[in-house]
Amino acid sequence: MILEFSVTNFRSIAEEQFISFEPAPTVRGSAALKRSVKKHGVLPVVVAFGANGAGKSTIAGAFGVLRQATMSRTPDEAIVADPFMLPKSNDPIEISVKLRVDHTIFRYLFALSEGGRFEREELSKVENGEWVTVFERDGISVKPALDDAALNDLHPSISLLAHLAARRSGDARKVTRALRTQMVRAQDTIGLAGHPRSPDAHEDFWGRTFRMIQRADVGISAGMLHEREGRKPAPRFTHTGTDGGSHELPMNAESDGTMTVVGISSYVWGTLGAGGMLVIDELGANLNHWMVRDLIETFQSPELNPHGAQLLLTSHDPLLLNEKILRTDQMVMIDKDTRGASQLSAVSDFTDLPPGKILQSYLEGRLGGSPRFRNLWANLSPATKVAEDTAAGEPL
């Protein structure tokens, strides 16, 4: 389970920014949520809120870089990641993650050049209350030393962690398996249909997905897989028409919302079934509040989430700022400072909020992450005369 994640010098992030999945000592939230987090031992869900351009997708993208770093790749599959650009930095991107594997605490960190070269890398763990280095890499130097065959095979664009895990090195293999992270932009899943490898898992997954789609009350009465020669089966859904008859439609005839549900279902199913971290960027763009809220509640439930899977969402939905849905340490605000750099803070860090008025505080701008504008779209009206030096919108 991930306990803490930090990133430095990546896209809209300049200085190191943290997201903690460890429960805060002082927190507000329902008694049910507090019991749920206590059973999980970590925060099973964190939701990041922010205005357009605040840096929500940057955070999601940083988890994507972590995922690539822990995967086995060929040398020509270098990780593409952009540093902070205001102004452009020549320093490496740095990512650090603290996690718990069984009863051992690990910390893995790496520094990545813009060209995808691993400049620094370190894995350490806690033994007898102290941090002990498992390995460290500085350029081409590796400690403890690898044998010549293994070292010659280590490419600058491949992480030492993934390199050792592929050779079934104990701690490296444990950490890569624990860092199973899937990052997906909800918009990119439209029209996608996941297909588990195992035939038995394939049948189980689609049976569950069709049942879920029917219960979502989107006018679909049944679903089936349409076999295609030489290609993977495609889902098709049955609707009841105005004539009372059943009409089968292909996936691309469904709404963006229905296609998004189908698209993310394989990610949710896989993460709940095996554990790990699922990061979904802008899920609420095509799904209503209740669908997103139900997903959050599923990951919050120790019974429905028995493998301790974790969920990180980015959202514009202020209705999720509800202490019955999320604890205050599960709400993260992302805002830009005057330099254009993203800053992160958990709502639990705000000590002067009126009880039960987190949503109101957010809408009033007391938490950041939600600029309000007056006469923004009026600039596009022919009735509005805009001076050359007028800003695009006048903040409230």
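The preceding data block contains the structure.
Residues numbered from 1 in each chain as written. Predicted model: local features only at pLDDT ≥ 70, side-chain atom pairs only at ≥ 80, totals over all residues. Heavy atoms only, no water.

## Notes on the overall build of the protein chain
Logical step 1: Summing up its helical and strand segments, the protein chain has 9 helices and 18 strands in all.
Logical step 2: Relative to its length of 396 residues, the protein chain is compact, with a C-alpha radius of gyration of 23 Å against a globular reference of 21 Å.
Logical step 3: With respect to the three principal axes, the spread of C-alpha positions in the protein chain is 75 × 60 × 45 Å.
Logical step 4: Long-range contacts, defined here as pairs at least 24 residues apart, represent 60% of the contacts in the protein chain between residues at least 6 apart.
Logical step 5: Accessible area for the protein chain stands at about 20,200 Å²; split by element, carbon and sulfur atoms hold 50% of it.
Logical step 6: Between the averaged position of the 43 positive side-chain charges in the protein chain and that of its 49 negative side-chain charges there is a distance of 4 Å. (Helix = DSSP H or I, 4+ residues; strand = E, 2+ residues; numbered from the N terminus. Rg over C-alpha atoms; globule rule 2.2 N^0.38 Å. Contact = heavy atoms within 4.5 Å. Areas by Shrake-Rupley, 256 points an atom, 1.4 Å probe, with all protein chains shown as cover. Lys, Arg positive; Asp, Glu negative; His and termini not counted. Charge placed at Lys NZ, Arg CZ, Asp CG, Glu CD.)

## Some words on the pairing of strand β16 (residues 342–346)
Logical step 1: Taking every second residue as pointing to the same face, the buried face of β16 carries S342, L344 and A346, while none of Q343 and S345 on the other face is buried.
Logical step 2: Looking at chain direction, strand β15 (residues 331–336) and β16 are connected through 5 bridges and run antiparallel. Bridging across to β16, M333 finds its partner in S345.
Logical step 3: Counted along the chain from β15 to the antiparallel partner β16, the turn is 5 residues long, and its residue G340 has a positive phi close to 85°. (Buried < 20%, exposed > 50% of the residue type's maximum accessible area, 1.4 Å probe, protein only. Pairing = 2+ DSSP bridges.)

## Focus: the layout of surface pockets
Logical step 1: What the largest pocket holds in volume is close to 980 Å³.
Logical step 2: What lines the largest pocket is a set of 23 residues, and nearest its centre among them are M212, V268, L272, D294 and T298.
Logical step 3: Going through the elements one at a time, α6 (199–215), α7 (256–274) and α8 (289–300) are the ones with two or more residues in the lining of the largest pocket.
Logical step 4: If one sorts the elements of the lining of the largest pocket by residue count, α7 sits on top with 7 residues.
Logical step 5: For the lining of the largest pocket, a count of residues per class yields 14 nonpolar, 4 polar and 5 charged.
Logical step 6: Space inside the second largest pocket adds up to approximately 520 Å³.
Logical step 7: If you trace the second largest pocket, you find 22 residues lining it, with R67, M71, T176, R180 and T181 closest to the centre. (1 Å grid on protein atoms, 1.4 Å probe; cavity = no way out; pocket = protein on both sides within 12 Å on 5 of 7 lines; lining within 4 Å. Points joined across faces, edges and corners; volume = space filled by probe spheres on them. Nonpolar A, V, L, I, M, F, W, Y, C, P; charged D, E, K, R; others polar.)

## What about a nonpolar patch on the surface?
Logical step 1: A surface patch of nonpolar side chains, amounting to about 490 Å² of accessible area, comprises F373, L376, W377 and L380.
Logical step 2: Here L380 lies in the loop between β17 (373–374) and β18 (394–395).
Logical step 3: On the basis of relative accessible area, L380 is assigned to the exposed category, the value being 65%. (Patch = residues over 30% accessible without salt bridge, like charges linked within 9 Å, V, L, I, M, F, W, Y side chains within 5 Å. Salt bridge = Lys/Arg side-chain N within 4 Å of Asp/Glu carboxyl O.)

## What about the sheet that holds strand β8 (residues 141–143)?
In a beta sheet, neighbouring strands are held together by backbone hydrogen bonds and run either parallel or antiparallel to one another.
Logical step 1: Spatially, 7 strands are ordered β2-β1-β4-β5-β6-β7-β8 in an open sheet, and the strand pairing comes out antiparallel. Looking at strand neighbours, the two that pair on one side only are β2 (17–20) and β8, the edges of this open sheet. Between one strand axis and the next, the sheet turns by 15° as a mean value, whatever way the strands run.
Logical step 2: Strand direction decides the pairing type here: strand β6 (residues 118–127) and strand β7 (residues 130–138), joined by 8 bridges, are antiparallel. Bridging from a neighbouring strand, E127 pairs with E130 of β7. (Axes fitted to C-alpha atoms, helices over the stretch in contact; angles between N-to-C directions.)

## Remarks on the packing of aromatic side chains
Logical step 1: The tally for this structure, following the rule as stated, stands at 8 aromatic pairs.
Logical step 2: Summarising the aromatic geometry, the rings of F5 and F63 are spaced 3.9 Å apart at their centres and angled 20° between planes, so their arrangement reads as stacked. Residue F5 is located in strand β1 (residues 2–8), and its partner F63 is located in helix α2 (residues 56–70); the two are separated by 58 residues in the primary sequence. In terms of burial, F5 and F63 fall into one category: buried.
Logical step 3: Joined through ring pairs, the aromatic side chains of F205, W206, F210, F237 and W269 make up one cluster. (Phe/Tyr/Trp six-rings, centres within 6.5 Å; stacked < 30°, edge-to-face > 60°.)

## Description of the nonpolar core
Logical step 1: The biggest cluster of nonpolar side chains holds 49 residues, and the ones touching the most others in it are I59, F63, Y108 and F110.
Logical step 2: Here this core gets 7 residues from one element, more than from any other, and that element is α2.
Logical step 3: Setting aside residues no more than four positions away along its own chain, F63 makes contact with I2, F5, F21, T181, M277, V279 and L312.
Logical step 4: W206, F210, V261 and V262 belong to the second largest nonpolar core, which has 40 residues in total. (Core = buried A, V, L, I, M, F, W, Y, C linked by side-chain atoms within 4.5 Å.)

## Concerning the pattern of salt bridges
Once the charged atoms of two side chains with opposite charge are near each other, the side chains can pair.
Logical step 1: Following the criterion strictly, the structure yields 17 salt bridges and no others.
Logical step 2: A salt bridge links E121 to R137, with the nearest nitrogen and oxygen atoms 3.0 Å apart. Pair noted here: E121 is in strand β6 and R137 is in strand β7, with a separation of 16 residues, a long-range link.
Logical step 3: Given a relative accessible area of 2%, E121 falls into the buried group.

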